[in-house]
Amino acid sequence: MNLKRENMKIDFKKPNGLIPVITQEYGTNEILMLGHMNNEALDLTIETKIVHYFSRSKNKIWKKEENNRDIQKLIDLKVNSNLDTILVVVEQITNNICNTDKKSYFSRSYLDKKNENKKIIIQSKSANLPTKYGKFNVKAYKDGCQEHLAIMSKDFCDIDIPLVRVHSECLTGDSVGSLKCDCNSQLDLALQLISKEGGLVIYHRQEGRNIGLVNKINAYNLQDQGYNTIDANLKLGFKDDERNYDAIGFIFKDLNLNKIKLITNNPKKIKFVENCNIQIVERIPSITKTNQYNKNYLQTKKKHMGHLL
Ligand SMILES: [Zn+2]
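Residues numbered from 1 in each chain as written. Predicted model: local features only at pLDDT ≥ 70, side-chain atom pairs only at ≥ 80, totals over all residues.

Trainee: I tried to follow the overall build of the chain on my own but got confused; where do I start?
Mentor: What the chain contains, in helices and strands, is 11 helices and 12 strands. Every one of the 309 residues in the chain was classed for burial, and the buried ones make up 35%. For the chain, the proportion of contacts with a sequence separation of at least 24, taken over those separated by at least 6, is 63%. (Helix = DSSP H or I, 4+ residues; strand = E, 2+ residues; numbered from the N terminus. Buried ≥ 20, exposed ≤ 12 C-beta atoms within 10 Å, placed from the backbone. Contact = placed C-beta atoms within 7 Å.)

Trainee: Which parts of the structure should I look at to understand the sheet that holds strand S10 (residues 199-204)?
Mentor: Adjacent strands of a sheet form backbone hydrogen bonds with each other and so pair up, either parallel or antiparallel. Overall, mixed pairing links the 7 strands, which are arranged S6-S7-S8-S10-S9-S11-S12 in an open sheet. Lying at the two open borders of the sheet, with one neighbouring strand each, are strand S6 (121-130) and strand S12 (279-284). Within this sheet the neighbouring strands show an average axis-to-axis angle of 25°, counted without direction. Here strand S9 (residues 163-168) runs beside strand S11 (residues 259-263); their pairing, made up of 2 bridges, is parallel. (Pairing = 2+ DSSP bridges. Axes fitted to C-alpha atoms, helices over the stretch in contact; angles between N-to-C directions.)

Trainee: Which parts of the structure should I look at to understand the pairing of S11?
Mentor: As a general feature of sheets, a regular strand has side chains that alternate between the two faces. As defined by bridge partners, S11 adjoins S12 across 5 bridges and the pair is classed as parallel. Counted as the bridge partner of lysine 261 is glutamate 282 from S12. Following the backbone out of S11, through helix H10 (residues 267-275) and into the adjacent parallel S12, one traces a crossover that is right-handed. (Right-handed = clockwise from strand over helix to strand, strands pointing away.)

Trainee: When you look at the pairing of S9 in this model, what are you seeing that I'm missing?
Mentor: Counting buried positions over the 6 residues of S9 gives 6, a clear majority of the element. Here S9 shows a buried face lined by Leu163, Arg165 and His167 and a second buried face lined by Val164, Val166 and Ser168. Where S9 and S10 come together, 6 bridges link them in parallel fashion. Bridged to valine 164 within S10 is leucine 200.

Trainee: For this particular structure, what's the right way to read the environment of serine 178?
Mentor: Structurally, serine 178 can be placed in the loop between helix H4 (171-174) and helix H5 (183-197). Residue classification places serine 178 among the partly exposed positions, given that 17 C-beta atoms sit within 10 Å. Along the primary structure serine 178 and tyrosine 293 are separated by 115 residues, whereas in three dimensions their C-alpha atoms are 9.2 Å apart. If near-sequence neighbours (up to four positions away) are discounted, serine 178 is found in contact with Thr172, Gly173 and Asn184.

Trainee: I keep staring at the nonpolar core and nothing clicks. Help me out?
Mentor: The nonpolar side chains of a soluble globular protein tend to be buried, and buried together. Counting residues in each nonpolar core, the largest one holds 30 residues, and the members touching the most others are Leu200, Val201 and Ile202. The set of elements that each furnish at least two residues to this core consists of strand S7 (135-143), strand S8 (146-153), S9, H5, S10, helix H9 (246-254), S11 and H10. Of the residues forming this core, the biggest block, 6 residues, is contributed by H5. Counting 5 residues, the second-largest nonpolar core is a separate cluster that includes Ile211, Ala219, Leu236 and Phe238. (Core = buried A, V, L, I, M, F, W, Y, C linked by C-beta atoms within 7 Å.)

Trainee: Would you mind going over H9 with me for this structure?
Mentor: Since one α-helical turn is 3.6 residues long, residues separated by three or four positions face the same way. Taken together, the buried positions of H9 are occupied by Ala247, Ile248, Ile251 and Phe252. One side of H9 carries all its buried residues, which in axial view fall inside an arc of 145°. For H9, the elements touching its buried residues are S6, S7, S8, S9 and S10. Where H9 terminates, the next one or two residues include asparagine 256, which has phi positive at roughly 55°. (Arc of directions from axis to C-beta.)

Trainee: Whenever I open this one, unusual backbone geometry confuses me. Can you help?
Mentor: Comment: phi is negative for the bulk of residues other than glycine, and the bulk of peptide bonds are trans. Phi angles above zero are rare outside glycine, and asparagine 256 is one such case at about 55°. By the secondary structure assignment, asparagine 256 is in the loop between H9 and S11. A count of 7 C-beta atoms within 10 Å places asparagine 256 in the exposed class. Look at asparagine 277: it is not a glycine, yet its phi comes out positive at around 60°. Residue position: asparagine 277 is located in the loop between H10 and S12. Note on asparagine 277: 11 C-beta atoms within 10 Å, which makes it exposed.

Trainee: Sorry if this is basic, but what is going on with helix H7 (residues 213-224) here?
Mentor: A rise of 1.5 Å per residue sets the reference length of H7, with its 12 residues, at 16 Å; its end C-alpha atoms lie 16 Å apart and thus fit the reference within 8%. By the burial criterion, the buried members of H7 are Asn215, Lys216 and Ala219. The buried residues of H7 occupy an angular sector of 100° when the element is viewed end-on, so they sit on one face. In H7, those exposed residues whose orientation departs by more than 90 degrees from the buried face are Ile217, Asn221 and Asp224. Each element contacted by the buried residues of H7 is listed here: helix H6 (207-210) and helix H8 (229-235). Backbone geometry just after H7 places glycine 226 at a positive phi near 110°. (Expected span 1.5 Å × (residues − 1).)

Trainee: How should I be thinking about the environment of threonine 229 in this particular structure?
Mentor: Looking at where threonine 229 falls in the secondary structure, it is placed in helix H8. On the basis of neighbour count, threonine 229 is assigned to the buried category, with 25 C-beta atoms found within 10 Å. Those residues within four positions of threonine 229 in sequence are excluded, and the remaining contacts are Gln223, Tyr297 and Thr300.

Have a look at this one:
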């Protein structure tokens, strides 16, 4: 995702009260995001991931650590702005670093569009993973700071039409056994199915429909006060679903998928797979037991997100 300086024609017409921001991952020289942030969002992100940031007009560097040579390379960026530009150097970038509950207008969309074809995804080698479900092969993919895992049955490569599930990360469900959602049961079911019939589960690490864990727990706090899963996200300044499936498309290609049986209830995932020119020979519903805690959540997903439940 390296941008050459001479190619940078950035329109930094900024909305009121917002500061143009360039974000760079510490030590990589890669510009990761361009956009706008408000002061509150800047302050908030400093607390967590910012190493240091640089104000162009003030020629001043605020830093958590001593400045290094990487920052110098970007100081002279000729961005199209008479106003200030902030260069944020972060330890680790996420898709939603700036989507705090203080609301900001920072987005990755500029780079996403410009660099669609240049997307750099780092791949691991494959390895054996014996599990309580059976023996699998696993392969990991790193897309920015999001790392995903492909879990394959041993016979995956020999199957013409494998079962496939794209499972969205849910730490509280998958690891803690939360009953507020159906994630744990769905993952359990998918792993059982691919172990028995052969296939692939992609563990897609976009926690909380890609708002991150902190925001998700804040959404849970709102849910404790009576908001449903969608309204809570909206109240925090997010869309009902912030997930994107770009990395999944990459993994599909890497694993040579053509025809699959897709395990899902989510119409968006069906559409995405079809857009990847992969034929869905059959949709396998991922229906699990409801309980008193996830009843409303599942109702909301059915009613407002069109899930096939
Ligand atoms: Zn969940």
